[in-house]
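Fold and geometry: a report
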Amino acid sequence: MSSDITKTAQWVPRLASGGGSTAARLAEAIADDVTSGRLARGDRLPTQRALATLLGVTPGTVNRGYAIAERAGLVSAEVGRGTFVTPARDGGIHDASLARDATGAIELGLNYPAGGEAEDALRDALVRLARRPSFAGMLALTPYAGRPAHRAAGARWLQQLGLEVSADDVLLTTGVQHGLAAAIGALTVPGDVVLTESLTSPGIKSLAAIHQLRLVGVASDAEGLTPDALASACKATGARVLYTIPTLHTPTTTTMSDDRRRLIADVIREHGVTAIEDDPWAFLTSGRVTPLRSFAPACVVYLTSFSKSLAPGVRVGYAVAPLALQRAVTSSLGALTWTAPLMAEVVSSWVDDGTATSIAAQRIRVAADRMQTAVRILGGTFEVPDVPAFHLWLPVPEPWRVDDFVAHAAAHGVSLASTDLFVPGRAPTPHAIRLCIGTEAQPERVAEGLHIIARMLQRGPAGYSVPVERTT
């Protein structure tokens, strides 16, 4: 065995903690180790399967990380031989920032619609704030539940979404995940079972790991959770908490009808279950459905935010808890973080002057346009949601396997999320992919990414090595 192979057989990448996908952090680790000299030119990296076992991830994740590093010029893959650190063209070392910032991948994996529509509004709002005679309170601590004026604006916004609430009902959050963490903290203890759809949000999975909870998926159909399956799960597990995304479910885009919501409300009342209703996409439904909380206000904690309707960086949201739980949820909110009054003030002004409604309407038009593009390019390969959406659920046909599909897309310049992210517990992973069509600001890049996906569907895995022509 050669010395370089011996060396890199012992190489363990040091993945940074924090944001970004595991694949991206693996590429960053490769870049850092090339820069520091831990990896030298010509070194062979571990096989994807060996490194996946070492890191406790899927081979597809390693494949994507290697693909990002290859596009950044850090490594090269040779058929039948392996993946090698690429000699720098100028004789120097690689720039580690390449793997972080210059991969050029088309982002179809993250479900945070680009927020360009809000930028001009933010500039105007800050100018208006700067003209105020006093900034008193803008940098002060706020009550756990938020300032009364901000809660009142939240009530007015929620009323537009179909919830009949008062300012006293509304609790300010720094986004849905903050509200979800507070609700989980108030409603569960370690060892509890939390019921979810058979596929669910990565956010609840992360919280379940932190709080030592067991997630149990409940069968769904074309309208979401089925009442019989939910009742059976309540009896079998003794669960007292349900986490659900009834509107444009992540990742499947399923939306419950009002009739189904009434039946689900009946089940949770009968079994003494508190439902956490995650409703980030409520603004897209334009009043076509009624929040689950409206059918069982004493049994539902409702969560929404502006990160989807206005921009990802608008970290202002609202929680509405049953009266009996409001104090516990409020305390939990404060134990996690306090809301920032400056952004809450901006958002409240947008609610009051109609800017929030106007931007959300623009977002709805963008969602409709993007979905039309997806239908035009992908044809009948997926079920089109009943309302405009920023993501779609694409079945992956044989002989594709999901991890291979994600890895091959990465090699062709398209970033996708692993479907494993949405699987609670040890349930099987379905052969389907969530495509997010709102994150890229330029519609041309979305179309280009979808064309690449369409060609992959047409060619199958055997067409992986065929060069992909760029679209105009």
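Residues numbered from 1 in each chain as written. Predicted model: local features only at pLDDT ≥ 70, side-chain atom pairs only at ≥ 80, totals over all residues. Heavy atoms only, no water.

Take the confidence of the model for the chain next. On average, residues of the chain score 88 in pLDDT, and 90% of them are at 70 or above. Scored below 50 in pLDDT, residues 88-103 shows 28 contacts in the model against residues more than four places distant or in partner chains. (pLDDT = per-residue confidence, 0-100. Contact = heavy atoms within 4.5 Å.)

The strand order β4-β12-β11-β10-β9-β5-β6 describes an open sheet built from seven strands, whose pairing is mixed. What marks the edges here is a single partner per strand, and that holds for β4 (170-173) and β6 (214-218). Across the sheet, the mean angle separating the axes of adjacent strands is 25° when strand polarity is ignored. Taken together, the four bridges between strand β11 (residues 300-305) and strand β12 (residues 317-320) define a ladder with antiparallel strand orientation. Within the sheet, the bridge partner assigned to Leu303 lies in β12 and is Ala319. (Pairing = 2+ DSSP bridges. Helix = DSSP H or I, 4+ residues; strand = E, 2+ residues; numbered from the N terminus. Axes fitted to C-alpha atoms, helices over the stretch in contact; angles between N-to-C directions.)

Here we come to the side chain of Asp33. Relative to the assigned elements, Asp33 resides in helix α2 (residues 22-36). Of the residues examined, Asp33 reaches a relative accessible area of 3% and is grouped as buried. Among the polar contacts listed, one links the side chain of Asp33 to the side chain of Trp11, at a separation of 2.8 Å. The contact partners of Asp33, leaving out residues within four places of it in the chain, are Trp11, Pro13, Arg14, Arg38 and Leu39. (Buried < 20%, exposed > 50% of the residue type's maximum accessible area, 1.4 Å probe, protein only. Polar contact = N/O pair within 3.5 Å; in protein donor to acceptor, adjacent residues only side chain to side chain.)

Bringing the pattern of salt bridges into the picture now. Tallying each qualifying case throughout the model produces eleven salt bridges. A salt bridge links Arg38 to Asp33, with the nearest nitrogen and oxygen atoms 2.9 Å apart. Arg132 is the salt-bridge partner of Glu345, the closest N and O atoms lying 2.7 Å from each other. In this pair, Glu345 sits in helix α13 (residues 341-353) while Arg132 sits in the loop between α6 (119-130) and α7 (148-160), placing the two residues 213 residues apart along the sequence. Assessed through its relative accessible area of 36%, Arg132 is described here as partly exposed. Salt bridges here are not isolated pairs; linked through shared partners, they connect Arg14, Asp33 and Arg38. (Salt bridge = Lys/Arg side-chain N within 4 Å of Asp/Glu carboxyl O.)

Okay, the pairing of β11 next. Among the six residues that make up β11, six are buried, leaving the element largely enclosed by the rest of the structure. Side chains of β11 alternate between two faces, with Val300, Tyr302 and Thr304 and Val301, Leu303 and Ser305 buried alike. Pairing geometry for strand β10 (residues 274-278) and β11, over four bridges, is parallel. Paired with Asp278 across the two strands is Leu303, which belongs to β11.

Backbone torsion omega between Thr250 and Pro251 reads 10°, so that peptide bond is classified as cis. Here Pro251 lies in the loop between β9 (241-244) and α11 (258-270). Of note, the bond from Glu398 into Pro399 is cis; its omega dihedral lies within 30 degrees of zero at 5°. Among the secondary structure elements, Pro399 is positioned in the loop between β13 (391-395) and α15 (402-411). Unlike most non-glycine residues, Gln212 shows phi in positive territory, near 60°. Using a relative accessible area of 56% as the deciding quantity, one classes Gln212 as exposed.

In terms of burial, β13 is a largely internal element, four of the five residues being buried. In the sheet, β13 pairs with strand β15 (residues 432-436) via five bridges, with the strands oriented antiparallel. Across the sheet, the residue bridging to Pro395 is Ala432, located in β15.

Below, the discussion takes up the packing of aromatic side chains. By the definition in use, this model includes six aromatic pairs. Relative to Phe405, the ring of Trp400 lies with its centre 5.1 Å away and its plane at 80°, an arrangement referred to as edge-to-face. Among the residues examined, Phe405 registers a relative accessible area of 0% and is labelled buried. Put simply, the rings of Trp157, Phe306 and Tyr318 touch in pairs and so form one group of aromatic residues. (Phe/Tyr/Trp six-rings, centres within 6.5 Å; stacked < 30°, edge-to-face > 60°.)

Bringing the packing of helix α14 (residues 355-378) against helix α16 (residues 443-459) into the picture now. Relative to each other, α14 and α16 sit at 30°, their axes nearing to 9 Å. Here α16 runs roughly parallel to α14, going by the angle between their axes. Read as a crossing pair, α14 and α16 show a hand that is right-handed. Mapping the contact onto sequence places Arg370, Thr373, Ala374, Ile377 and Leu378 in α14 and Pro443, Val446, Ala447, Leu450, His451, Ile453, Ala454 and Leu457 in α16. Broken down by class, the residue content of the contact of α14 with α16 amounts to ten nonpolar, two polar and one charged. (Parallel < 35°, antiparallel > 145°, perpendicular 65-115°, else oblique. Left-handed = near helix turned anticlockwise from the far one by under 90°. Nonpolar A, V, L, I, M, F, W, Y, C, P; charged D, E, K, R; others polar.)

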